[in-house]
Amino acid sequence: MNPITRINPAELSPPHGFSHAVTATGGRLVFLAGQTALDGDGKVVGATLPEQFETALANLLTALRAAGGAPTSLARVTVYTTDVAGYRAHARELGEVWRRLAGREYPAMAVVGAVRLWDEQAMVEIDGIAVLD
């Protein structure tokens, strides 16, 4: 049984690609470090924001699986981007990437604009908190 419940009150605007609130009971917390589009050699890959988002999300999910979790274990995700306007412009494509890699059980999410990220060529970084049974 998943210790996570997603809550989307009817009084709020319908969420698209996130949940308004997530509760977690019992279980073990997993704090996932920010992941960018680094390949196995430590080089940023992908020339576009959607390409980098896909790699960063895949890296986050790899770390989550190594900790014993699955995409449905994600309770909270923060996306940092150096291009909020570009993120919004590619929202549909980014949503398709999310659904393909992580499914349709959305965590509570935020997108935060950043002047630059740790990896200078990175356009996006994703971190999260998961709850495991």
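The structure under discussion appears in the preceding block.
No experiment lies behind these values; they were computed from the predicted model shown.

Q: Teacher, can you tell me more about the sheet that holds strand β3 (residues 28–35) here?
A: Two modes of strand pairing occur in sheets, parallel and antiparallel, and in both the strands are linked by backbone hydrogen bonds. Pairing within the open sheet is mixed, and its four strands lie in the order β3-β6-β4-β5. At either end of the open sheet lies a strand with only one pairing partner, and these are β3 and β5 (108–113). Pairs of neighbouring strands in the sheet enclose a mean axial angle of 10 degrees, with direction left out of account. Where β3 and strand β6 (residues 124–132) come together, six bridges link them in antiparallel fashion. Opposite Phe31, over in β6, you have Ile129 as the bridge partner.

Q: Where do I start with the environment of Ala108 in this structure?
A: Structurally, Ala108 is set in strand β5. A relative accessible area of 13% means that Ala108 is categorised as buried.

Q: How should I be thinking about the nonpolar core in this particular structure?
A: Across soluble globular proteins, you tend to see nonpolar side chains buried next to one another. Among the nonpolar cores identified, the biggest contains 23 residues, and Phe53, Leu57, Leu74, Val77, Val79, Trp98 and Ile126 are the most heavily contacted of them. Among the secondary structure elements, those contributing two or more residues to this core are β3, α1 (49–66), β4 (74–81), α3 (91–102) and β6. Among the elements that line this core, the one with the most residues is α1, at seven residues. Filtering out sequence-adjacent residues up to four positions away, Val77 remains in contact with Trp98, Pro107, Ala108, Met109, Ala110, Ile126, Asp127 and Gly128.

Conventions adopted
Each chain has its residues counted from 1, running along the sequence as written. Where totals are concerned, whole chains, interfaces and linings use all residues; where local detail is concerned, this predicted model gives features only for residues with pLDDT of at least 70, and gives and counts side-chain atom pairs only at 80 or more. Side-chain measures were taken over the full set of non-hydrogen atoms in the model, leaving aside hydrogen atoms and water. Here the rule is simple: two strands pair whenever DSSP picks up at least two bridges between them. Counting from the N terminus, the helices are DSSP H or I runs at least four residues long and the strands are E runs at least two residues long. Axis lines are fitted through C-alpha atoms, for helices just across the contact stretch, and the angle between N-to-C directions can take any value from 0 to 180 degrees. Burial classification: accessible surface area is computed with a 1.4 Å probe over protein chains only, and a residue below 20% of its type maximum counts as buried, one above 50% as exposed, and the rest as partly exposed. Residues belong to one nonpolar core when they are buried, are Ala, Val, Leu, Ile, Met, Phe, Trp, Tyr or Cys, and are joined through side-chain atoms within 4.5 Å. The contact definition used throughout considers only heavy atoms, calling two residues in contact when any of these lie within 4.5 Å.

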